[in-house]
Amino acid sequence: MLYANVIVPLSVPDTFTYLVPQEFESDCQVGKRVIIQFGKKKFYTAIIKSIHSNKPDYKTKEIYSIIDRKPLINELHLKFWQWIADYYMANIGDVYTAAMPVSLRIESQTQIFLSKEIIDEQLSKNEEFIIENLKSQKTLTLGQVSKIADVKNPVALINRLISKGLVDVYEHFNPRYKPKYIKLVKLSAQIQTQQNLTKTFEQLSRAKKQTEILLSYSVLSNLQYVGGQFIYKDVQKKDLLEKANVSSGVLNSLFEKQILTEYEKQVSRLGDFSKTAVSFNKLNIEQSEAFEKISEIFENKNVILLHGVTSSGKTEVYIELIRKYIKHNKQVLYLLPEIALTTQIIERLRVAFGHIVGVYHSKFNDSERAEIWSKIGENSDDLQPYKIILGVRSAIFLPYDNLGLIIVDEEHETTYKQFDPAPRYNARDAAIVLAKMHNAKVLLGTATPSVESFDNAISGKFGLVKLNKRYKNLELPNIILADVRQARNQNKMKSIFHPLLIENIKEALGNAEQVILFQNRRGFSPYVECNTCGWIPKCVNCDVSLTYHLDSNDLVCHYCGFKRPIPKKCENCNDLSIQTKGFGTQKIEDEIKIFFPEIKVGRLDLDVARRKHGYEQVLQDFDAGETDILVGTQMVTKGLDFENVRVVGVLNADNLLNFPDFRSFERSFQLLTQVSGRAGRMNERGKVIIQTSNINHKILSYVMQNNFRQYFDEEIHDREVYNYPPFVRIIKISVKHKNSTAVYEFAENYAIILKKVLNNRVLGPQEPLVNRIQNYHIREIIVKLENSVSHSKTKLFMQRAANNLKMKKNFSSIIVVFNVDPL
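All of these numbers come straight from a predicted model, not from anything done at the bench. (Residues numbered from 1 in each chain as written. Predicted model: local features only at pLDDT ≥ 70, side-chain atom pairs only at ≥ 80, totals over all residues. Heavy atoms only, no water.)

Asker: Break down the overall build of the protein for me, with residues and values.
Answerer: Helices and strands together make up the secondary structure of the protein, namely 26 helices and 36 strands. In summary, the protein has a C-alpha radius of gyration of 31 Å against a globular reference of 28 Å for 823 residues, a match within 12%. Expressed along its principal axes, the backbone C-alpha trace of the protein runs to roughly 85 × 70 × 70 Å. For the protein, the proportion of contacts with a sequence separation of at least 24, taken over those separated by at least 6, is 75%. Total accessible area computed for the protein in this model is approximately 39,400 Å², and 47% of it derives from carbon and sulfur atoms. Charge centroids of the protein, computed over 110 positive and 92 negative side chains, lie 2 Å from each other. (Helix = DSSP H or I, 4+ residues; strand = E, 2+ residues; numbered from the N terminus. Rg over C-alpha atoms; globule rule 2.2 N^0.38 Å. Contact = heavy atoms within 4.5 Å. Areas by Shrake-Rupley, 256 points an atom, 1.4 Å probe, with all protein chains shown as cover. Lys, Arg positive; Asp, Glu negative; His and termini not counted. Charge placed at Lys NZ, Arg CZ, Asp CG, Glu CD.)

Asker: Any chance you could break down helix α25 (residues 740-758) for me, citing the residues and the numbers?
Answerer: Between its first and last C-alpha atoms α25 spans 26 Å; for 19 residues at 1.5 Å apiece the expected length is 27 Å, and the two agree. Regarding α25, the residues found buried are A742, V743, F746, A747, Y750, A751, L754 and L758. End-on view of α25: buried residues confined to an arc of 150°, all on one side of the axis. Elements that come into contact with the buried residues of α25 comprise β32 (728-737), β33 (762-766), β35 (776-786), α26 (791-806) and β36 (815-820). Here α25 starts with a cap whose side-chain oxygen sits 2.8 Å from the backbone nitrogen of T741, and that cap is N739. Looking one or two residues beyond α25, the residue adopting positive phi is N759, at roughly 55°. (Expected span 1.5 Å × (residues − 1). Buried < 20%, exposed > 50% of the residue type's maximum accessible area, 1.4 Å probe, protein only. Arc of directions from axis to C-beta. Polar contact = N/O pair within 3.5 Å; in protein donor to acceptor, adjacent residues only side chain to side chain.)

Asker: Before we move on, can you summarise the sheet that holds strand β30 (residues 645-650) with the specific residues and values?
Answerer: Taken in spatial order, the 6 strands of this open sheet run β21-β31-β30-β22-β29-β28, and their pairing is parallel. Strand pairing shows two members of the sheet lacking a second neighbour, β21 (478-483) and β28 (601-604), which therefore form its edges. Averaged over all pairs of adjacent strands, the angle between their axes in this sheet comes to 20°, without regard to strand direction. Summarising the sheet, β21 and strand β31 (residues 687-692) pair through 6 bridges and their orientation is parallel. When the sheet's bridge partners are listed, D483 is paired in β31 with T692. Each of β21, β22 (514-518), β29 (629-632), β30 and β31 touches helix α17 (residues 499-510); the most contacted strand, β31, lies at about 155° to it. (Pairing = 2+ DSSP bridges. Axes fitted to C-alpha atoms, helices over the stretch in contact; angles between N-to-C directions.)

Asker: Pulling in residues and values, what's your account of the packing of helix α23 (residues 698-705) against helix α24 (residues 708-722)?
Answerer: In contact at an axis separation of 9 Å, α23 and α24 are set at 145° when each is read in the N-to-C sense. Two secondary-structure elements touch here, α23 through K698, I699, Y702 and Q705 and α24 through Q710, Y711, E714 and D718. Tallied by class, the residues present in the contact of α23 with α24 amount to 3 nonpolar, 2 polar and 3 charged. (Nonpolar A, V, L, I, M, F, W, Y, C, P; charged D, E, K, R; others polar.)

Asker: So what's going on with the sheet that holds strand β2 (residues 16-20)? Residues and values would help.
Answerer: Pairing in this open sheet of 5 strands is antiparallel, and the strands run β2-β1-β4-β3-β5 from one edge to the other. Edge strands, defined here as strands with exactly one partner in the open sheet, are β2 and β5 (65-66). The strands touched by helix α1 (residues 75-87) are β1 (2-7) and β4 (43-52); relative to β4, the strand with the most contacts, the crossing angle is about 105°.

Asker: Summarise empty space enclosed by the protein; cite the residues concerned and give the values.
Answerer: All told, the structure shown has 3 cavities of 30 Å³ or more when counted by the stated rule. Roughly 40 Å³ of volume is contained in the largest cavity. Every residue lining the largest cavity is listed: N284, E286, Q287, S312, L467, K469, R470, Y471, K472 and N473. Broken down by class, the residue content of the lining of the largest cavity amounts to 2 nonpolar, 4 polar and 4 charged. (1 Å grid on protein atoms, 1.4 Å probe; cavity = no way out; pocket = protein on both sides within 12 Å on 5 of 7 lines; lining within 4 Å. Points joined across faces, edges and corners; volume = space filled by probe spheres on them.)

Asker: If you had to explain the packing of aromatic side chains to someone new, which residues and values would you point to?
Answerer: Centre-to-centre distance and the angle between the planes together describe a pair of aromatic rings. The final tally for this structure, using the stated rule, is 22 aromatic pairs. Between F80 and F397 the ring centres are 6.1 Å apart and the planes differ by 50°, which places this aromatic pair in the tilted class. Here F80, found in helix α1, pairs with F397, found in the loop between β17 (388-391) and β18 (403-409); they are 317 residues apart in sequence, far enough to count as distant. The same class applies to F80 as to F397, namely buried. For the pair W83 and Y87, a centre-to-centre distance of 5.1 Å together with 10° between the ring planes defines the contact as stacked. One end of the pair, W83, and the other, Y87, are both in helix α1, 4 residues apart, so they sit about a helical turn from each other. The exposure class assigned to Y87 is buried, which follows from its relative accessible area of 16%. (Phe/Tyr/Trp six-rings, centres within 6.5 Å; stacked < 30°, edge-to-face > 60°.)

Asker: Lay out the pattern of salt bridges with the relevant residues and their values.
Answerer: Inspection of the entire model under this criterion finds 29 salt bridges. What you see here is one network of salt bridges that share partners, running through E452, R663, E666, E715 and R719. (Salt bridge = Lys/Arg side-chain N within 4 Å of Asp/Glu carboxyl O.)

Asker: I'd like to hear about the environment of Y750, residue by residue, with values.
Answerer: Within the secondary structure layout, Y750 lies in helix α25. The class for Y750 is buried, based on a relative accessible area of 0%. Between the C-alpha atom of Y750 and that of A801, which follows or precedes it by 51 residues, the distance is 7.5 Å. Not counting residues within four places of it along the chain, the set of residues in contact with Y750 comprises I733, I781, M798, Q799, A801, A802, L805 and F818.

Asker: Kindly report on the nonpolar core, identifying the contributing residues and their values.
Answerer: Residues W81 and Y750 are the most contacted members of the largest nonpolar core, which totals 164 residues. The element best represented in this core is α25, accounting for 8 residues. (Core = buried A, V, L, I, M, F, W, Y, C linked by side-chain atoms within 4.5 Å.)

Asker: Lay out the confidence of the model for the protein in plain terms, naming residues and giving numbers.
Answerer: Chain-level statistics for the protein give a pLDDT mean of 87 and a share of 93% at 70 or above. Contacts for the low-pLDDT stretch residues 273-277, under 50 throughout, to residues beyond four places or in other chains number 14 contacts. (pLDDT = per-residue confidence, 0-100.)

Structure (structure tokens):
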């Protein structure tokens, strides 16, 4: 008898064993999807991880069905999933959920139906609503019941109806992914010659609308009679009806007369990207030298850091490397930190490589992502599978089978790290492991390397290649510090802008040049405050102040999404003097229009990027010169390339420099250097105006001099003295519960257990800056592990200790979150 260990798409820590029915034994393979019953009634799509003949010592359920003809993922990728789960202290089910598009995870849905005719039953109002709806709709889902009865949890209501014998339930399968089809029209088989077509037109001479359809079809299809047969293009039914301006009933008449025929064709949801590759610009001397050096170092090392100043042409080097690996029939993964970057890069890659380039990110819907899965790897049924994937962090989970190269652009970016939910992986670090499993190479590219990556490079663990000059020998921008403290004392500030910044913006706009303004805070104002007593409105669910958003005129919590109108008076002293304090991107957008009312301003932040194509439109407008000033958060710092940007303004550098975190100087140097690099990328030298109250800050001097090495030497020294990465690995443990006392007691007890074994490696517990989110109170414990310590054994001990402590009755519902290598 055969048994299969399967991974289920639930946050459970292990695989589960199922009996393979005899009729499925020949089809059962690792990596295939199967339908299994998990629990009493629910059915899920599981992945076969292993097959064996070891009978468990408990009664096993049978596999319900096998979905795939051939494995959807290979054993190598399952090994990668397991590494992610082990290293980042996550459940394998969490990894499966993160990796696999929802459309490929079929699961059953509970359906409710009437079990008998209802006669004179004593029912509550909600029960009557449900029964009446079931009479008309036959079946309802739990979600529909919840909406009809206006209750969050409908289970109790359904159970009452079941106990009365009025309704029953069953599990229904609803496949989530269906191929997309379009309806097309063509000439019917009976019209084979030019004479047939002419005769048909004669027969339709009195039917003007039908004649109009046939004429429209001839135009849209580019109908030609060549070599004794008709040649034509596909014509969509909807396009034909639109051009002929007739109803579908008229077209149906032609179908009935067998003049035209309707048929369906499967099409891609991803659009038509069938561009032909064209030749690309040749590398300059510095780029050629970098390319040759990378190729040489790859002979001995698997990972290389390409450290190139902003606008040095790293992308051109990437493209040349990709071309080299594609020639050897290898797959290439090109990782980007931000979806917005794919808008610019994808066009450059498709010009260079045509239709073999695919894009993968979260703005695609589930069906689109499922289609990309089907176009990758040896198991693809597509005649033109993708060889190059451009994507954000989730692209590491695609089912590659012949991976040769991974490029991690802007490797320093924190957006490569998944924060919530689990698995909390870093795509940059995971990419290095994935490449090792495939015997592939990794190129990390950036102008501002992370401390860990540069330390690995200079220690010899990674290779190191540098690009020290800008493309076409352009000068680095002129960086000027604007002292806002002095300007305020002298009453020279123009609202939130230093006069020096206003002057340079005016000059750039006068020369038909563009401007980028950077503020790492979205919304209009970080908070509102009563001028009399200092009262600040806070979120009802989280321990944070509410941010004012101008477009909706609401106060919004950026942690849980709670909204409320801006108060007309103070809720503490009833005074009417409520004012906004500080400024975000919306306020900058609003205020800059006061000084330059004729110009067009665009904004790029999370509020805009949430819309599927919102960020694309903003970037396209700015690139086309339709927008004069672009205001944005850190999204505008990440590798965007605009030829006409002359001035960059940083509105508040102090927020970055003074953030209470050991990485604050590293992030400040990276963000300020990166946003400065958006200026002067073509022709004239750019200008960067940094507004600050501390013009003597050492990080600002390093940014002005573009002195990465001096900044790094000082930073790595401090990290060693105070015992921070890369000299240790950090695991942050967050303890959460809606009862603050339970959180406090669990955290204290857990820390005592950890300190008995790990001693002074354990710090805390303590409250984080935001100690309540979505009504969950939080306490944190930090564990620092030297590289010489067995991390796998320590992690296992930490997990077991937490699970054992949670077995106590008063701690059973405590949530413990492990964040390995937090950023």
